[in-house]
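A look at the structure
So you can see what is in the structure, the chains are spelled out below.
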Amino acid sequence: MEEYKSLKITSDSGGVYNLILNRPATLNALSPDFFVEFPKALSHLDENPNVSVIVLSGKGDHFCAGIDINSLKTISSSTAASDDRGRAAERLRRHVLFMQEAITSVEKCRKPVIASIHGACIGGGIDLITACDIRFSTDSAFFSVKEVDLAIVADLGTLQRLPFIVGYANAMELALTARRFSASEAKHLGLVSKVFASKSAMDQAVLAFAQGLAAKSPLAVTGTKAVLLKSRDMTLERALDYVATWNSGAVISDDLNEAILAHSQKRKPVFAKL
Ligand SMILES: CC/C=C\C=C\CC(=O)SCCNC(=O)CCNC(=O)[C@H](O)C(C)(C)COP(=O)(O)OP(=O)(O)OC[C@H]1O[C@@H](n2cnc3c(N)ncnc32)[C@H](O)[C@@H]1OP(=O)(O)O
């Protein structure tokens, strides 16, 4: 297994792997290392056939306190130091695109990624969880689309993804006010699917949930993720066309035969890995 400075990977039984934000001293603030390592880690997990489902969590008392504020200072001073504003702006734009790619790597991963959130989930933390496929939290977790309070426009995906999750009006209100909101409000808005009384209760339930997903046809799971994500960005007509093409390729698989056979034999299906 690769060694990372900002992350840790562990595995549980049944094809469930844990991708853990691992800078607890800074509440898992997203450092420059994170933006290099996170897409690499996801790519390795994606390529590893033993991995069926990925659970993203944070070590320590909080899930993620957003961008590492010290790195934000470095970004802004490195552009101010340049003598050419046009070039500095172009460099900064490329850097933001690079950071966006790191977050988008969650969507590019074929396997489902579940966010398991406790404590703070702020700024860049919201960018991360909104790219995830499913979100769970503890009841003491709290959330904030904090960027306007740092005098910046959220630029790593929250403004693009959050409206699809909580609706346009709710996303606008949360992003403009930067107010802190609770896990129960996050549940009410649909940002998290389930809320748990403690981190240990959540860990246990998320593992059981992830193992349940991992037991399903990997082709059907990866196809469902891919089609839902593509459909989000397409017209209905194109999205229906896309899924027809997808299924015409994937429907004729051993998984379909195994699912039908297992059903008729009243046993659990066993599928080959992806
Ligand atoms: C190009 C731009 C791209 C992306 C931009 C993204 C924007 C954002 O992410 S905006 C959001 C930025 N984050 C924040 O504003 C949160 C700041 N942190 C807090 O408000 C609090 O720490 C808390 C999350 C509410 C938790 O409070 P508490 O439990 O009291 O802990 P603290 O004592 O405040 O923190 C402990 C320790 O962690 C350090 N730390 C906290 N957050 C960050 C951070 N974002 N970056 C770097 N370091 C952070 C804090 O300084 C403390 O360190 P000490 O050395 O112990 O002082």
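Since we're looking at a predicted model, the values are computed, not measured.

Scored by pLDDT, the chain has a mean of 95; 97% of the residues are at 70 or more. Mean pLDDT in the chain bottoms out at helix H2 (residues 69-80), which sits at 75, and peaks at strand S4 (residues 113-117), which reaches 99. Predicted complex metrics record ipTM = 0.98 and pTM = 0.96.

What follows concerns the packing of helix H3 (residues 85-108) against helix H4 (residues 124-131). At their nearest, the axes of H3 and H4 sit 8 Å apart, and the two run at 20° to each other. Relative to H4, the element H3 lies roughly parallel. Crossing of H3 over H4 shows right-handed handedness. Within the contact between the two elements, H3 uses Ile103, Val106 and Glu107 and H4 uses Asp127, Leu128 and Ala131. Here the residues of the contact of H3 with H4 sort into four nonpolar, no polar and two charged.

In this section: the sheet that holds S4. Read across the open sheet, the six strands follow the order S1-S2-S3-S4-S6-S9; overall the sheet is mixed. Two strands lie at the open edges of the sheet, namely strand S1 (7-12) and strand S9 (194-196), each paired on one side alone. Pairwise comparison of adjacent strand axes, ignoring direction, gives a mean angle of 25° for this sheet. Looking at chain direction, strand S2 (residues 16-21) and strand S3 (residues 53-58) are connected through six bridges and run parallel. Pairing of Leu19 across the sheet is with Leu56, part of S3.

What follows covers unusual backbone geometry. Here Ala151, not a glycine, exhibits a phi torsion of approximately 60°, which is positive. Along the polypeptide, Ala151 turns up in the loop between strand S7 (142-144) and helix H5 (158-166).

The next point concerns the site of the ligand. Taken together, 23 residues sit near the ligand, with Leu27, Ala65, Ile67, Ile69 and Gly124 positioned nearest. Here an oxygen atom of the ligand sits 3.4 Å away from a polar atom, N or O, in the main chain of Ala25. At 2.8 Å from an oxygen atom of the ligand is found a main-chain nitrogen or oxygen belonging to Gly124. Its free accessible area being 1,100 Å², the ligand has 63% of it covered by the protein chains. Secondary structure elements with two or more residues in the shell around the ligand: H2 and strand S5 (120-122). Tallied by class, residues from the shell around the ligand come to 13 nonpolar, five polar and five charged.

Summarising burial for strand S6 (residues 134-138): five of the five residues are buried, a large majority. Burial along S6 is two-sided: Ile134, Phe136 and Thr138 and Arg135 and Ser137, pointing in opposite directions, are all buried. Note: S4 against S6, four bridges, orientation parallel. In the sheet register, Ala115 faces S6, and the bridge partner there is Arg135. Direction of pairing for S6 relative to S9: parallel, over a ladder of three bridges. When the bridges of S9 are listed, Phe136 appears paired with Lys194.

Quick look at the domain arrangement of the chain now. It is common to give the size of an interface as the accessible area that goes away when the parts come together. According to the domain assignment, the chain consists of domain 1 (7-214) and domain 2 (218-264). Once you take the C-alpha centre of each, domain 1 and domain 2 turn out to be 27 Å apart. The interface is formed by 11 residues belonging to domain 1 together with five residues belonging to domain 2. Across the interface of domain 1 and domain 2, roughly 660 Å² is buried in total on both sides, 54% from carbon and sulfur atoms.

With respect to burial, S2 is a largely interior element, six of its six residues being buried. Of the two faces of S2, the one lined by Val16, Asn18 and Ile20 and the one lined by Tyr17, Leu19 and Leu21 are each fully buried. Two strands pair when backbone bridges link them, and S1 and S2 are joined in this way by six bridges, in the antiparallel orientation. Considered in S2, the bridge of Lys8 is made with Ile20. Where S1 hands over to S2, the hairpin turn is made up of three residues, of which Gly14 adopts a positive phi near 80°. Each parallel crossover has a hand, and for S2 linked through helix H1 (residues 32-47) to S3 it is right-handed.

What counts as what
Residues numbered from 1 in each chain as written. Predicted model: local features only at pLDDT ≥ 70, side-chain atom pairs only at ≥ 80, totals over all residues. Heavy atoms only, no water. pLDDT = per-residue confidence, 0-100. Helix = DSSP H or I, 4+ residues; strand = E, 2+ residues; numbered from the N terminus. Axes fitted to C-alpha atoms, helices over the stretch in contact; angles between N-to-C directions. Parallel < 35°, antiparallel > 145°, perpendicular 65-115°, else oblique. Left-handed = near helix turned anticlockwise from the far one by under 90°. Contact = heavy atoms within 4.5 Å. Nonpolar A, V, L, I, M, F, W, Y, C, P; charged D, E, K, R; others polar. Pairing = 2+ DSSP bridges. Near = heavy atom within 4 Å. Polar contact = N/O pair within 3.5 Å; in protein donor to acceptor, adjacent residues only side chain to side chain. Areas by Shrake-Rupley, 256 points an atom, 1.4 Å probe, with all protein chains shown as cover. Buried < 20%, exposed > 50% of the residue type's maximum accessible area, 1.4 Å probe, protein only. Domains from an automatic or database assignment. Buried area = accessible area lost by both parts, 1.4 Å probe. Right-handed = clockwise from strand over helix to strand, strands pointing away.

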